[in-house]
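Summary of structural features
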Amino acid sequence: MANVTKNRPLSPHLQVYKFIPTMAMSIMHRITGVALYVGTILVAAWLIAAASGEDYFNQVNDLFGSFLGQVILFGYTWALIHHLVGGLRHIMWDLGYGFEKEFSTMLAKANLVASIALTVLVWAVVLLVR
Amino acid sequence: MDMRTPLGKVRGLGSAKTGTDHFWKVRTTSVVLVPLMLFYIGFLVMYAGRPYAEVVDALANPFVATINALTVIASIVHMRLGMEEVIQDYIHSETAKLALLIVNASFSLLVGGLCLIAVLKIAFAG
Ligand code: HEM
């Protein structure tokens, strides 16, 4: 049989596509997924410190409470919420709904707006209300 | 001699011989992760930055500990599979791909194990 793999058509590379909202959010879903993967280290550090005693816990809490720590945690919160909302769009598509062009473009934009708004809301509750 | 047509070969379990297993596990874990992550965000809102005694007390609650243990398991499975897909998409050299897949599996297991033991230790021993 002829070498099938060599003769297969290649999919065009990313840069030939026009940059559109659904594409941007697809890329963001992947970036936030990878960011959460790395961010799991933060969760692990917090849990392990809590399991290791008060001194360790206070050290980790101080790191998280520092300016840089807070910036990183804010980014982590946003990545989590963005990926969660994006995941809901994936579940919708996997169930067979929401493929109309205008609708999915609207949802892509809404994903970004919602994730930023919800992240700010979560931090407002933590910093102001609690 | 293999008499099957190219179509016959890819039917069923496909070239990776695991069929839709990978896809399906990413989806099922993502569905259970939605409520789990909402709980987790709520928990962080309530306890992030709180003193040691308060946090340990909350983590030791059997309900919270159970949810946390399940969250760790679902997240680790999901993130390992997700990262596998990313590696397979971008790393084309067979050796580097294999090495990274092993690093990914090891990292996921290690972090998952550490989190799980931490959750259980607090639940059982405070
Ligand atoms: C909040 C609940 C979550 C939902 C609903 C969700 C959903 C999804 C879905 C549907 C995919 C597949 C994307 C695709 O095929 O393009 C995915 C990929 C991924 N997720 Fe999640 N996820 C969640 C939480 C997490 C968490 C907590 C982590 C990390 C600790 C994570 C890490 C990843 C990674 C690394 C990928 C691979 C990225 C890619 O293939 O583009 N996810 N997620």
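Please refer to the structure placed before this passage.
If you're wondering where the values come from, they're calculated on a predicted model, not measured in any experiment.

**A look at the overall build of chain A**
- Along chain A, the regular secondary structure elements total 5 helices and 0 strands.
- Seen through its C-alpha atoms, chain A measures out along the principal axes to roughly 65 × 40 × 30 Å.
- Counting the 130 residues in chain A, one finds 36% classified as buried.
- Looking at charge distribution, chain A has the averaged site of its 8 positive side-chain charges lying 21 Å from that of its 6 negative ones.

**Quick notes on the nonpolar core**
- Of all hydrophobic cores here, the largest spans 54 residues; its most connected members are Trp46, Leu47 and Phe57 of chain A together with Ile41, Phe43 and Leu59 of chain B.
- Counting only elements with at least two residues in this core, the list comes to helix H2 (21-52), helix H3 (54-65), helix H4 (67-94) and helix H5 (101-129) of chain A together with helix H2 (21-47), helix H3 (52-60), helix H4 (62-90) and helix H5 (94-125) of chain B.
- Ranked by the residues each element gives to this core, the list is headed by H4 of chain B, at 11 residues.
- If we skip the residues at most four places from it in the chain, Phe57 of chain A touches Trp46, Ala49 and Ala50 of chain A together with Arg50, Pro51, Tyr52 and Val55 of chain B.

**Observations regarding the coordination of the iron atom of the ligand**
- Every protein donor of the iron atom of the ligand is listed here as His83 of chain A (NE2) and His78 of chain B (NE2), and their distances to the metal cover 2.0 Å.
- Taken together, the 6 donor atoms surrounding the iron atom of the ligand define angles of 88 to 180 degrees at the centre, an arrangement classified as octahedral. Placement of the pair is His83 of chain A in helix H4 and His78 of chain B in helix H4, with the two residues belonging to separate chains.

Calculation rules
Residues numbered from 1 in each chain as written. Chains lettered and ligands numbered in written order. Predicted model: local features only at pLDDT ≥ 70, side-chain atom pairs only at ≥ 80, totals over all residues. Heavy atoms only, no water. Helix = DSSP H or I, 4+ residues; strand = E, 2+ residues; numbered from the N terminus. Buried < 20%, exposed > 50% of the residue type's maximum accessible area, 1.4 Å probe, protein only. Lys, Arg positive; Asp, Glu negative; His and termini not counted. Charge placed at Lys NZ, Arg CZ, Asp CG, Glu CD. Core = buried A, V, L, I, M, F, W, Y, C linked by side-chain atoms within 4.5 Å. Contact = heavy atoms within 4.5 Å. Donors = N, O, S within 2.8 Å, 3.2 Å for Na, K, Ca; no water. Tetrahedral: all angles 85-135°; square planar, octahedral: opposite > 155°, others 65-115°.

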